[in-house]
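# A look at the structure
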Amino acid sequence: MLKGHPTKIMNIPFVDLAQQQQRIRADLDRRIGQVLDHGAYINGPEVAELEARLAAFAGCRHAIGVSSGTDALLAALMAKGIGRGDAVFLPSFTFTATAEVVLQCGATPVFVEVDAATFNLEPNHLREAIVQTAKIGQLRPAAILAVTLFSVSLRITRQSMAWRRNTIYSCSPMGHKVSAPATIT
Ligand SMILES: Cc1ncc(COP(=O)(O)O)c(C=O)c1O
């Protein structure tokens, strides 16, 4: 505060969903109205439509709709057979669900320091964590949950990966932005 200058206090919301909605509000109302009309609230035609459009957008064969971001992470770990004795590497700065699903599978979360600019996994720390875990030998380095926060794309160089077999590269698990890719170069 500068001496002699009047102070004006403003509340700036961290997220302003109402403002975002304004641009698409008419479409939202129309589509929600359609769901109410046909009454198929669970796994209705909109889910199939979203899956098809997302798959086309992402350029992959399938997109599978699940009930939450947490379930999406859990399903990915289960599909890879992650369980007891496995180490899963994840950012030290992330939402609790990232570690929660690892524990739900019976595996052990290993937190890795993040890059100060992107909040993504820092590749050198990641490599070190993998190497150390393998060296200690109590856990099998099994997977990487490479969360991309705040729509910032993730880049991990192949050289930084000392151990890559059976790893999971997960992009924007909760969908901060679907188009923030995790790229391995
Ligand atoms: C990075 C990240 N992963 C997972 C989740 C969990 O998503 P959901 O609340 O839909 O289960 C969140 C939620 O904010 C998240 O930010």
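Now for a quick tour of the structure. (Residues numbered from 1 in each chain as written. Predicted model: local features only at pLDDT ≥ 70, side-chain atom pairs only at ≥ 80, totals over all residues.)

We now examine the overall build of the chain. Counting its secondary structure elements, the chain contains 5 helices and 5 strands. If you list the helices and strands of the chain from N to C, you get α-α-α-β-α-β-α-β-β-β. Counting over 185 residues, the chain shows a buried share of 23%. At a minimum sequence separation of 6, the contacts of the chain that also span at least 24 residues come to 57%. (Helix = DSSP H or I, 4+ residues; strand = E, 2+ residues; numbered from the N terminus. Buried ≥ 20, exposed ≤ 12 C-beta atoms within 10 Å, placed from the backbone. Contact = placed C-beta atoms within 7 Å.)

The subject of this paragraph is the pairing of strand E1 (residues 86-91). The buried count for E1 comes to 6 of 6 residues, which makes it a mostly enclosed element. Of the two faces of E1, both are covered, the one formed by Asp-86, Val-88 and Leu-90 as well as the one formed by Ala-87, Phe-89 and Pro-91. As paired strands, E1 and strand E3 (residues 140-144) are joined by 4 bridges and run parallel to one another. Opposite Val-88, over in E3, you have Ala-143 as the bridge partner. The pairing of E1 with strand E2 (residues 108-112) spans 5 bridges and is parallel. Each bridged residue has a counterpart across the sheet, and for Phe-89 the counterpart in E2 is Val-110. (Pairing = 2+ DSSP bridges.)

A separate point is unusual backbone geometry. In most cases, non-glycine residues show a negative phi, while peptide bonds are predominantly trans. With phi around 55°, Asn-43 is a residue other than glycine that occupies positive phi space. Locating Asn-43 in the fold gives a position in the loop between helix H1 (17-38) and helix H2 (45-58). Among the residues examined, Asn-43 registers 9 C-beta atoms within 10 Å and is labelled exposed. Within the chain, Phe-119 stands out as a residue other than glycine whose phi angle is a positive 65°. As for its position among the elements, Phe-119 is in the loop between E2 and helix H5 (123-136).

A separate point is the nonpolar core. Formed by 27 residues in total, the largest nonpolar core has its most connected members in Val-88, Phe-89 and Leu-145. Those elements that place two or more of their residues in this core are helix H3 (69-79), E1, helix H4 (96-104), E2, H5 and E3. (Core = buried A, V, L, I, M, F, W, Y, C linked by C-beta atoms within 7 Å.)

Our next topic: the sheet that holds E3. What the 3 strands build is an open sheet, ordered E2-E1-E3; its pairing is parallel. Across the chains shown, the open sheet's two edge strands, defined by having one partner strand only, are E2 and E3. This sheet shows a mean twist of 35° between the axes of neighbouring strands, independent of strand direction. Sitting on the sheet, H4 touches E1 and E2, and the angle it makes with E2 is about 150°. (Axes fitted to C-alpha atoms, helices over the stretch in contact; angles between N-to-C directions.)

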